[in-house]
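# Observations on chain architecture
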Amino acid sequence: MHAMVLNAPHRALEWTELPDRQPGPGEIRVKVTACGVCRTDLHVVDGELPHPRLPIIPGHEIVGRIDALGEGVTGLRLGERVGIPWLGHTCGACPYCLDGHENLCDQPLFTGYTRDGGFATAAIADARYAFPLGEDGDDVALAPLLCAGLIGWRSLVIGGEGRRIGLYGFGAAAHIVAQVAAWQGRAVYAFTRPGDDATQAFARTLGAVWVGGSDERPPQPLDVAIIYAPAGPLVPQALKTVRKGGRVVCAGIHMSDIPSFPYPLLWEERQLVSVANLTRQDGLDFLRLAPRIGIATTTHRYPLAQANRALDDLRAGRFDGAAVLVP
Ligand SMILES: [Zn+2]
Ligand SMILES: [Zn+2]
């Protein structure tokens, strides 16, 4: 197999030939056909997340077909198309696993961070954490659903039922969530970098009723604001836009420091929460719903060997939607 390997943070990924791996008990081997590039991959490469396993193969939006089954795997078959998400393993025994919050497991493994991911021609996964994808839809188009979609979905659920919903940082996650929220009959307010006319126009094509810079205030107070951009100064900005009792959801795994802000921004029962990881139920719920919504992802294909260019383009904001690596 071949993989793009991170040997140390702040270094470019290296094209590496590795011996073919065999799935252990309970594992599957997947021939990767597409792997999305997530901002979290960028945080791993840039050394912004603590204690990655090194060397590591990044990538946790994996679409592929099972080409080997480990001992004891049930419910999946050879040749089946599956998706492998960020949540790679949980302990099943800690208080969080036992009360339905496996996203907060004390002993988790995360794909592309603490176990090898999908910037490769093949990947090994714990079978219990892979999602059958069926045969509808294109592999490249489906890949961003595996994290941008799943985490986006969880953030939307945690945001609550409010009708007016603000999305800060209109990247891969927001471009999916906007379609889900519009399908639910909610009004999407898209906030981009000030002056980013191209992304604001992109947000309009996905159903946003209002677009503006993150330094702007929408005409009406919002019920909920979800922040996908890793920029702490957006937190007080978002708190200014939500109504009394409104909620601000921080959906990224990493964020720069949040500046201090006056208490009245939080007063009147505004809530500030974060969303971490996903549960398998989130994945099942969202992947069942996605075909009904008819989510159209905007993707940019890169050959696997050009993963570094894809990461650079993501870092620089050179595309709308999501980058996807194709072996
Ligand atoms: Zn991700
Ligand atoms: Zn656990």
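Before going into details, it helps to say that this report is about the structure given with it. Given the structure is predicted, the values throughout are model-derived calculations rather than measurements. (Residues numbered from 1 in each chain as written. Chains lettered and ligands numbered in written order. Predicted model: local features only at pLDDT ≥ 70, side-chain atom pairs only at ≥ 80, totals over all residues. Heavy atoms only, no water.)

## Some details on unusual backbone geometry
Let me state the cut-off plainly: Put simply, DSSP H or I for four residues or longer makes a helix, DSSP E for two residues or longer makes a strand, and each gets a number counted from the N terminus.
Backbone torsion omega between Leu54 and Pro55 reads -10°, so that peptide bond is classified as cis. Note that Pro55 resides in the loop between α1 (39-45) and β4 (62-69). Phi is positive for His10, which is not a glycine, with a value near 70°. Tracing the sequence through the fold places His10 in the loop between β1 (2-5) and β2 (14-17).

## Some words on the coordination of the zinc ion (ligand 2)
What counts is decided by this rule: Because no water is among the atoms considered, metal sites can look incomplete, with donors defined as N, O and S atoms within 2.8 Å of the metal, or 3.2 Å for Na, K and Ca. Each label reflects the angles at the metal, where four donors whose angles all fall between 85 and 135 degrees are tetrahedral, four or six donors whose opposite pairs open beyond 155 degrees and whose other angles stay between 65 and 115 are square planar or octahedral respectively, and the rest are irregular. Relative accessible area decides the class of each residue, using a 1.4 Å probe on protein chains only: under 20% of the type maximum gives buried, over 50% gives exposed, and in between gives partly exposed.
Of the protein atoms, only Cys91 (SG), Cys94 (SG), Cys97 (SG) and Cys105 (SG) coordinate the zinc ion (ligand 2), at distances of 2.3 to 2.4 Å. For the zinc ion (ligand 2), the four donor atoms in the first shell make angles of 103 to 119° at the metal, a pattern classed as tetrahedral. In primary-sequence terms, the residues that donate to the zinc ion (ligand 2) follow C-x2-C-x2-C-x7-C. Residues Cys94 and Cys97 agree in their burial class; the two are buried.

## A short note on the layout of surface pockets
Short version of the rule: Both site types are read off a 1 Å grid over the protein atoms alone. A 1.4 Å probe that fits but cannot get out defines a cavity, while an open set with protein on both sides within 12 Å along at least five of seven lines defines a pocket; lining residues have an atom within 4 Å of a point. Grid points are joined across faces, edges and corners, and a volume is the space filled by probe spheres set on the points. Residue classes follow a fixed rule: Ala, Val, Leu, Ile, Met, Phe, Trp, Tyr, Cys and Pro count as nonpolar, while Asp, Glu, Lys and Arg count as charged, and any other residue, Gly among them, counts as polar.
Size it by volume and the largest pocket reaches roughly 1,000 Å³. What lines the largest pocket is a set of 47 residues, among which Arg39, Gly171, Tyr228, Ala229 and Pro230 lie closest to the centre. In terms of residues, the lining of the largest pocket owes the most to one element, α1, which gives four residues. In this model, the second largest pocket occupies a volume close to 390 Å³. In terms of lining, the second largest pocket is formed by 20 residues, of which the most central are Leu142, Leu145, Leu287, Ala290 and Pro291. The set of elements that each furnish at least two residues to the lining of the second largest pocket consists of β9 (131-132), α3 (139-142) and α8 (280-293). In terms of residue count, α8 provides more of the lining of the second largest pocket than any other element does, five residues in total. Residues belonging to the lining of the second largest pocket are distributed by class as follows: 12 nonpolar, four polar and four charged.

## Section: the coordination of the zinc ion (ligand 1)
Octahedral six-donor coordination of a metal ideally yields angles of 90 or 180 degrees, compared with 109.5 degrees for tetrahedral four-donor coordination. At this site the zinc ion (ligand 1) is bound by Cys38 (SG), His60 (NE2) and Cys147 (SG), with donor distances of 2.0 to 2.2 Å. Taken in chain order, the donor set of the zinc ion (ligand 1) reads C-x21-H-x86-C. With Cys38 in the loop between β3 (27-37) and α1 and His60 in the loop between α1 and β4, this pair connects stretches of sequence that are 22 residues apart. The pair formed by Cys38 and His60 is uniform in burial state, with each residue classed as buried.

## Notes on the pairing of β3
Regular strands show a simple pattern: their side chains alternate between the two faces of the sheet. What counts here: Two strands make a pair as long as DSSP finds a minimum of two bridges between them.
Counted residue by residue, β3 has eight buried out of 11 residues, so it is predominantly covered. Strand direction decides the pairing type here: β3 and strand β8 (residues 122-126), joined by five bridges, are antiparallel. Note that in β8 the partner of Glu27 across the bridge is Asp126. By the bridge criterion, seven bridges tie β3 to β4 in an arrangement that is antiparallel. Note on β4: the bridge partner recorded for Ala34 is Val63. When β3 meets strand β17 (residues 322-326), the two strands line up antiparallel, connected through three bridges. Pairing of Val37 across the sheet is with Ala323, part of β17.

## Notes on the nonpolar core
Here is the rule: To define a nonpolar core, start from buried Ala, Val, Leu, Ile, Met, Phe, Trp, Tyr and Cys residues and group those joined through side-chain atoms within 4.5 Å. Two residues form a contact once any of their heavy atoms are found within 4.5 Å.
Among the nonpolar cores identified, the biggest contains 93 residues, and Ile28, Phe119, Leu167, Phe170, Ile226 and Phe286 are the most heavily contacted of them. Per element, the largest residue contribution to this core is eight residues, and it comes from helix α5 (residues 172-183). Sequence-distant contacts of Phe170, defined by excluding residues within four places in its chain, comprise His175, Ala178, Ala190, Phe191, Thr192, Thr199, Phe202, Ala203 and Leu206. Within the second largest apolar cluster, 16 residues are counted, among which are Trp210, Leu222, Ala225 and Leu234.

## Digging into the packing of aromatic side chains
To keep it simple, the criterion reads: Between rings of Phe, Tyr and Trp, where Trp is taken as its six-membered ring, a pair exists when centres lie within 6.5 Å; planes separated by under 30 degrees are stacked, by over 60 edge-to-face, and by other angles tilted.
Considering all chains together, one arrives at eight aromatic pairs under this definition. Centre to centre, the rings of Trp86 and Tyr113 are 5.7 Å apart; their planes meet at 10°, and the pair counts as stacked. Placement of Trp86 in the loop between β5 (81-84) and β6 (87-89) and of Tyr113 in the loop between β7 (109-110) and β8 is noted, with a sequence separation of 27 residues between them. On the basis of relative accessibility, which here comes to 4%, the residue Trp86 falls in the buried class. For the ring pair Tyr189 and Trp210, a centre distance of 6.2 Å and an interplane angle of 35° mean the geometry is tilted. Here the residue Tyr189 occupies a position in strand β11 (residues 187-192), and Trp210 occupies one in strand β12 (residues 210-213), the gap between them amounting to 21 residues. Residue classification places Tyr189 among the buried residues on the basis of a relative accessible area of 5%. Taking the relative accessible area as the measure of exposure, Trp210 reaches 13% and is therefore buried. Site record: aromatic cluster; members linked through ring pairs are Tyr168, Tyr189, Phe191 and Trp210.

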